[in-house]
Amino acid sequence: MSGVQQRESAVQRKRHIGDVLLAAENIGLRFGGVQALAGVSFDIREGEIRAIIGPNGAGKSSMLNVINGFYQPQEGHIVWRGQRMRRMRPHFAARNGIARTFQNIALFKGMTTLDNIMTGRMLKMRATMLEQAVFWGRARREELEHRAFVERIIDFLEIPHIRNVPVGKLPYGLQKRVELARALAMEPTLLLLDEPMAGMNLEEKEDMCRYILDVNEEFGTTVALIEHDMGVVMDISDRVVVLDYGRLLADGPPEEVRRDPEVIKAYLGVSQD
Amino acid sequence: MIYRETGQFKTSYAADQAIFPIAQDRLGMLVILAVAFVAVPLMASDYWLTTILLPFVIYGLAALGLNILTGYAGQLSLGTGGFMACGAFAAYKLATAFPELHVLVVFALSGLITAAVGMLFGLPSLRIKGFYLAVATLAAQFFLLWLFNKVPWFTNYSSSGVISAPPLAIWGETYVTGFEATPRAKYLFALTVVTLLALAAKNMTRLKIGRAWMAIRDMDIAAEIIGIRPLATKLSAFAVSSFYCGVAGALWAFAYTGAVEALAFDINVSFRILFMIIIGGLGSILGSFLGAGFIVLLPIFLNNALLAMGMAEAVALASHLEFMIMGALIILFLIVEPHGLARLWQILKEKLRKWPFPY
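Residues numbered from 1 in each chain as written. Chains lettered and ligands numbered in written order. Predicted model: local features only at pLDDT ≥ 70, side-chain atom pairs only at ≥ 80, totals over all residues. Heavy atoms only, no water.

(A) Geometry of the pattern of salt bridges. Summed over the entire model, instances satisfying the criterion amount to 24 salt bridges over all chains. Of the charged contacts, one joins Asp251(A) and Arg50(A) as a salt bridge, the two residues approaching to 2.8 Å between their closest N and O atoms. Taken together, the residues Asp251(A) in strand S10 (residues 247-252) and Arg50(A) in strand S3 (residues 49-53) connect sequence positions 201 residues apart. The partner of Glu143(A) in a salt bridge is Arg211(B), with the nearest N and O atoms 2.4 Å apart. One end of the pair, Glu143(A), is in helix H6 (residues 138-156); the other, Arg211(B), is in helix H8 (residues 208-218), on a second chain. There is no split in this pair, since Glu143(A) and Arg211(B) are both buried. In this structure, a network of salt bridges that share partners links the residues Asp43(A), Glu48(A), Arg50(A), Arg239(A) and Asp251(A). (Salt bridge = Lys/Arg side-chain N within 4 Å of Asp/Glu carboxyl O. Helix = DSSP H or I, 4+ residues; strand = E, 2+ residues; numbered from the N terminus. Buried < 20%, exposed > 50% of the residue type's maximum accessible area, 1.4 Å probe, protein only.)

So this is what it looks like as structure tokens:
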């Protein structure tokens, strides 16, 4: 994608950006004596690509875990579509279309790529255990329907050749892609990506960027991602949150954040002008 | 050459999602079923049917039950014997209290009762994992056996603590349990039940519920984030597994031995079935039966082979040798293929796809 096209698509995307989808309000999270997050507030708007950056141990992954209800913050809350959640729960998050991938891949190693992605459709299946035992009626119909949907994702992410391979045997880059596929199978409204490009080479990173942008543009999926590669972050994200030692350091469009003296001091190092 | 899917084009997802998508597998399955249902009852002697084949299919069912829990859902259990006892005693109480109930209803209900009991003992699985859960399930093993041994109500106040299966007919005068039943009828009845349940297990494990089990086994955190409820999923695995073990226990008491006491289902049975699935292959339907075959049939085969080799006088020596060879074989198999006989079979199939031209 050339620079001009990229800017154009960025402009187009801005038009898609809508209301606040999810807001974190004054989140405080402690593990014993360690303050992982302190008074962090920011919002994620519908249709945007939101990056969360910060040095190691800044609380980025903890923030994602709070968003999908895996950690319960001691202070503050999550507001989902204008509704203030007393406690966010993983099951509620999943049902409402919050999907995520993990920093260290969390695939189901003993299952094939296809089965892994099919687990993403789990919440949309209604067949009872008895129907599944005889593979008849609703169980069969659902299975075929969701298989067809999953095949579209497999095509989209260009992984048909590994459909029947147990994921434990796949190389790292492909595992990351299967994990993205599993998250996409949930047809998420909000996709949380925890370092989707960690440990990838340039080519794999470019592929992954392309997938993220495509998902965002074609399906209108809101994306919140943690990433260390500044080039990637500055290129694809609409707004950036910077965390440092659990505090919010800066929040704004990439160009603005890049120039923020606090951020430069804490994260990007000494200015190279 | 022999096992290859070249030329079998699947043009729909329906064809690809069929239970046996490959023609050779379908054919193989039909041959096995034909042998088991037609050839064996015609040719095998009563001795073979009652002392070799019946325990094999019943152990196979119990191993399948444990495999659902341990192999698929990843919850280690040592309570198999207890759950089998539960099924046996539930069937006995039902059959004696309501003699008019049909045998299939008795078996289904005893399975359901065992499923409820299994779920109860599965509750700790939300909090404890691995070896610690195994210890918790030991509680089921010891408590259930103690209960059936000490509370006379379960044995209908029999002084010996032994329950003897009442005769139950599948239709008319065709008895399939108790002493009136012919070995052939008992074998065919047990085989039918086991076949149907194995088919159901195959379907469950490859569909939604099976994926949920495996997801919990492989990575419970990711499973939860996807929206799988850990407790409900683990309990469903306990329920289905216990159902299978319960039916296996009922078959054991009603079709195999005819009369049984609680102690017949002691901890050794639990261990035996655990070894079956470890040797057969965790997380494999076929493996459950291969493991059961290995543990049940091989000692008999060894024993007969040793006796045939002129050890008829030294019976004690023969039985010692049998133990030694058996132990050595188990170790050998675990070293050669830690994932069990089912994996060996899979590797063999892979090889057969290309044989004899593996370019």
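Moving on from the coordinates now.
(B) A look at the sheet that holds strand S7 (residues 190-194) of chain A. Residues and elements named next belong to chain A. Pairing is mixed in the open sheet, where 6 strands are placed in the order S6-S7-S8-S3-S9-S10. The open sheet has two edge strands, strand S6 (98-101) and S10, and neither has a second partner. Along the sheet, successive strands turn relative to each other by an average axial angle of 15°, direction set aside. Running over the sheet, helix H2 (residues 60-67) touches S3, S6, S7, strand S8 (222-226) and strand S9 (239-244) and is turned about 150° from S7. (Pairing = 2+ DSSP bridges. Axes fitted to C-alpha atoms, helices over the stretch in contact; angles between N-to-C directions. Contact = heavy atoms within 4.5 Å.)

(C) Seen up close, the domain arrangement of chain A. Residue and element names in this part refer to chain A. Under the domain assignment used here, chain A contains domain 1 (1-97 + 189-205 + 221-273) and domain 2 (104-187). A separation of 27 Å is found between the C-alpha centroids of domain 1 and domain 2. Taken together, the contacts link 13 residues of domain 1 with 9 residues of domain 2. Looking only at domain 1, the three residues that lose the most surface to domain 2 are Ala94, Leu191 and Met200, adding up to 42% of its buried area. In this assembly, domain 1 and domain 2 are joined by 0 salt bridges. There are 2 residue pairs in polar contact (both at pLDDT 80 or more) connecting domain 1 and domain 2. Secondary-structure elements contributing two or more residues to the side of domain 1 that touches domain 2 are helix H3 (90-95) and S7. When the residues that make up the side of domain 1 that touches domain 2 are grouped by side-chain class, the tally is 6 nonpolar, 3 polar and 4 charged. (Domains from an automatic or database assignment. Buried area = accessible area lost by both parts, 1.4 Å probe. Polar contact = N/O pair within 3.5 Å; in protein donor to acceptor, adjacent residues only side chain to side chain. Nonpolar A, V, L, I, M, F, W, Y, C, P; charged D, E, K, R; others polar.)

(D) Here's a closer look at the side chain of Thr113(A). Structurally, Thr113(A) can be placed in helix H4 (residues 113-119). Judged by relative accessible area, which is 1%, Thr113(A) ranks as buried.

(E) Up close: unusual backbone geometry. Of note, Phe135(A) is a non-glycine position whose phi angle comes to about 50°, a positive value. Even without being glycine, Asn156(B) reaches a positive phi, approximately 55°. For Asn156(B), the location among the structural elements is in the loop between helix H6 (130-150) and strand S1 (162-164). Taking the relative accessible area as the measure of exposure, Asn156(B) reaches 30% and is therefore partly exposed.

(F) Representation of the interface of chain A and chain B within the structure. Of the residues lining the interface, 35 residues belong to chain A; the matching set on chain B comes to 30 residues. In this structure, the connection of chain A to chain B is made through 3 salt bridges. Between chain A and chain B we count 13 residue pairs in polar contact (both at pLDDT 80 or more) in total. Secondary structure elements with two or more residues in the side of chain A that touches chain B: H3, H4, helix H5 (129-134) and H6 of chain A. It is H6(A) that contributes the most residues to the side of chain A that touches chain B, 6 residues altogether. Taken together, the residues of the side of chain A that touches chain B sort by class into 21 nonpolar, 5 polar and 9 charged.

(G) Main features of the environment of Gln24(B). All names here are of chain B. Tracing the chain through its elements places Gln24 in helix H2 (residues 23-43). Judged by relative accessible area, which is 25%, Gln24 ranks as partly exposed. Gln24 sits 100 residues away from Pro124 along the chain, and the two C-alpha atoms are 43 Å apart.

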